[in-house]
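# Examination of the molecular architecture
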Amino acid sequence: MSDNEPENEEIRTDGTGIVAPDNETPTWSERKARKTGLSRLTYEYFERARREDQDLRTESDYVERDVLAFPTWPHETVRNLSIASFFVGMILFLSATMPPHIGPPANPSSTPAIILPDWYLYWSFGLLKLNPLNPELAILGGQKIMADRTYGVLANGVVVGFIAIVPFLNKGSARRPVEQPFWAAVGVAGVVFAMTISLLAVKNLMPMNVDLLFDLTFLLPIVFGTVTYAVLKTMSEGYMYNLNRRYYRLRPPK
Amino acid sequence: MADEFIKGLGILTGSGLAWMVLASWYRTSSFESTKQLIEPLSSGATEGIFNIIGVTLMDAFLWFALLGALTFWVLIPAGHQIMSALQERRNAQ
């Protein structure tokens with residue numbers, strides 16, 4: 001803003017004008033007194049960003065690009081800094097307040113009784129413990145066709161293969177789970193199965209019956225998937241009704 | 001509705017974090033235990049005024065987290081539903 005603009009130009013408040021100059025920028029107490037809330041603040045913020053973007057586009061040396069986004073500085077950087085600050089603060093808080101725990105040093109010359117991978121690989125480790133599912137074939141005289149460990153490794157291929165096939169079966173056109181209840185149920189069952197098979201991997205540490213745990217590993221995904229399907233199928237009628245009502249209010253049918 | 005959700009979530013996570021920190025002092029013999037945070041009080045937890053305050057706060061935070069989430073996620077929305085249902089019934093008559 002410069003001082004040589006005409007004095008009689010009205011200040012527009014509909015968002016089309018120039019953003020308030022520095023000497024009109026409200027103080028913190030004035031901002032607080034407005035009490036218009038976060039929605040207003042968000043609106044002003046994005047309106048200002050949009051205005052800056054528009055000013056940039058009208059500059060003579062501006063090169064049009066195919067990028068439609070907010071600039072990295074300050075928008076994205078401020079957002080990312082606040083997120084990073086939160087996690088750094090959480091680490092500092094926990095390390096300052098939790099009691100220190102320094103276990104005995106590991107003995108590199110002996111293998112512990114319980115060995116486990118990192119937690120995010122528990123699902124794969126759990127698939128190695130499917131021994132009761134490995135069928136004993138009568139045609140082979142009660143022999144198993146393959147060793148339990150081979151069976152567990154092949155089970156990994158089945159799970160990974162299913163995950164690889166899903167994008168070809170469903171193109172992901174639904175924007176909300178309620179629009180495709182069946183596939184939402186498949187997703188929920190998969191997430192629950194990832195958790196239960198991970199718990200099966202640490203069955204030595206689980207304070208419950210191992211046989212029950214094994215059964216629940218496969219039953220819980222089915223139960224949760226069925227409940228999800230039932231709930232979403234019930235919701236979908238009302239959802240589509242609301243969608244149609246809003247759509248046709250906007251554009252009445254001919 | 002979104003306001004009530006974030007109030008309940010804020011109470012649950014904030015109060016739950018404070019409970020977790022205190023319970024890691026008073027109800028955890030080892031971080032490798034399968035009953036950490038829910039063990040009986042460790043010995044010496046009731047000796048001295050600061051330990052008594054800590055144990056009291058631990059229980060207070062736990063109940064605040066549970067009851068706060070219950071209030072904002074279940075009781076208040078249910079109350080709104082009941083009020084609007086009563087209003088509709090009154091209007092229908």
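Model, not experiment: these values are computed from the prediction. (Residues numbered from 1 in each chain as written. Chains lettered and ligands numbered in written order. Predicted model: local features only at pLDDT ≥ 70, side-chain atom pairs only at ≥ 80, totals over all residues.)

### Details of the overall build of chain A
Using the following cut-off: Labels follow the DSSP assignment, with helices taken as runs of H or I lasting at least four residues and strands as runs of E lasting at least two, numbered in each case from the N terminus. Partly exposed residues are those whose C-beta has more than 12 but fewer than 20 other C-beta atoms within 10 Å; with 20 or more the residue is buried, with 12 or fewer it is exposed, and the C-beta atoms are placed from the backbone. Here contacts are defined at the residue level, using C-beta atoms placed from the backbone and a cut-off of 7 Å between them.
From N to C terminus, chain A includes 7 helices and 2 strands. Helices and strands appear in chain A in the N-to-C order α-α-α-α-β-β-α-α-α. Going through the 254 residues of chain A one by one, you find that 7% of them count as buried. A fraction of 62% describes how many contacts in chain A between residues 6 or more apart in sequence connect residues 24 or more apart.

### Observations regarding the overall build of chain B
Scanning chain B from N- to C-terminus turns up 2 helices and 0 strands. Taking the contacts inside chain B whose residues are at least 6 apart along the sequence as the reference set, 60% of them involve residues at least 24 apart.

### Regarding the UniProt feature "transmembrane region" (unreviewed entry) in chain A
All names here are of chain A. Put simply, the test is: UniProt positions are given in the numbering used here, feature names are shortened, and annotations may be inferred rather than shown by experiment.
Here the UniProt-annotated "transmembrane region" (unreviewed entry) positions come out as residues 81-99, 151-169, 181-200 and 212-232. As annotated, residues 151-169 has a helix share of 100% and a strand share of 0%, and its two end C-alpha atoms lie 26 Å apart. Between the end C-alpha atoms of residues 181-200 the distance is 28 Å, and the span holds 100% helix and 0% strand.

### Side note on the packing of helix H1 (residues 2-26) of chain B against helix H2 (residues 49-92) of chain B
Residue and element names in this part refer to chain B. Note the following rule: Axis lines are fitted through C-alpha atoms, for helices just across the contact stretch, and the angle between N-to-C directions can take any value from 0 to 180 degrees. Note on angle classes: values under 35 degrees are labelled roughly parallel, values over 145 roughly antiparallel, values of 65 to 115 roughly perpendicular, and the remainder oblique. When the near helix sits turned anticlockwise from the far one by under a right angle, the crossing is termed left-handed; a clockwise turn instead gives a right-handed crossing. All residues other than Ala, Val, Leu, Ile, Met, Phe, Trp, Tyr, Cys, Pro, Asp, Glu, Lys and Arg, Gly among them, are scored as polar; the first ten of these are nonpolar and the last four charged.
Two elements in contact, H1 and H2, have axes separated by 8 Å at closest approach and are oriented at 160°. In terms of their interaxial angle, H1 and H2 are classed as roughly antiparallel. Here H1 runs over H2; the crossing is left-handed. Among the residues forming the contact of H1 with H2, the class breakdown is 20 nonpolar, 5 polar and 2 charged.

### With respect to the UniProt feature "transmembrane region" (unreviewed entry) in chain B
Residue and element names in this part refer to chain B. In the UniProt entry, the feature "transmembrane region" (unreviewed entry) is given for residues 9-28 and 48-76. Helix makes up 90% of residues 9-28 and strand 0%. Its end C-alpha atoms lie 25 Å apart. Measuring from the first to the last C-alpha atom of residues 48-76 gives 40 Å, for a span that is 97% helix and 0% strand.

### Some words on helix H6 (residues 181-201) of chain A
As a reminder of what qualifies: Here the expected span of a helix is defined as 1.5 Å times the quantity of residues minus one.
Between its terminal C-alpha atoms H6(A) stretches 30 Å, which fits the 30 Å expected from 21 residues at 1.5 Å a residue. Buried within H6(A) are the following residues: A:Ala184, A:Ala185, A:Val188, A:Phe193, A:Thr196, A:Ile197, A:Leu200 and A:Ala201.

### Quick notes on the interface of chain A and chain B
It is common to give the size of an interface as the accessible area that goes away when the parts come together. Facing the 6 residues of chain A at the interface are 5 residues of chain B. Tallied by class, residues from the side of chain A that touches chain B come to 4 nonpolar, 2 polar and no charged.

### Describing the environment of A:Gly152
The residue A:Gly152 is located in helix H5 (residues 148-169) in this model. For A:Gly152, the residues in contact, after removing those within four places along its chain, are A:Leu127, A:Leu128 and A:Leu130.

### Some words on unusual backbone geometry
The omega torsion across A:Trp73 and A:Pro74 is 0°, close enough to zero to call that bond cis. Note that A:Pro74 resides in helix H3 (residues 72-97). Here B:Leu37, not a glycine, exhibits a phi torsion of approximately 75°, which is positive.

### Observations regarding the nonpolar core
Convention followed: In these notes, a nonpolar core means any group of buried Ala, Val, Leu, Ile, Met, Phe, Trp, Tyr and Cys residues linked to one another through C-beta atoms within 7 Å.
Of all hydrophobic cores here, the largest spans 9 residues; its members are B:Ile11, B:Trp19, B:Leu22, B:Ala23, B:Tyr26, B:Met58, B:Phe61, B:Ala65 and B:Phe72. Among the secondary structure elements, those contributing two or more residues to this core are H1 and H2 of chain B. Beyond its immediate sequence surroundings of up to four residues, B:Ile11 is in contact with B:Phe64, B:Ala65, B:Gly68, B:Ala69 and B:Phe72. Counting residues in each nonpolar core, the second largest holds 7 residues, with A:Trp123, A:Phe193, A:Ile197 and A:Ala201 among its members.

### Observations regarding the environment of A:Tyr239
Tracing the sequence through the fold places A:Tyr239 in helix H7 (residues 210-250). Each C-alpha atom of the pair A:Tyr239 and A:Val178 lies 7.6 Å from the other, and the pair is 61 residues apart in sequence.

### Structural notes on the confidence of the model for chain B
Note the following rule: On a scale of 0 to 100, pLDDT captures the predictor's confidence in every residue.
When pLDDT is averaged across chain B, the result is 92; 99% of the residues are at 70 or more. Reported confidences for the modelled complex are a pTM of 0.59 and an ipTM of 0.84.

### Comments concerning H1(B)
Given a rise of 1.5 Å per residue, 25 residues ought to cover 36 Å, and the 35 Å separating the end C-alpha atoms of H1(B) matches this to within 8%. When H1(B) is considered as a whole, its buried residues turn out to be B:Gly8, B:Ile11, B:Ser15, B:Trp19, B:Leu22, B:Ala23 and B:Tyr26.

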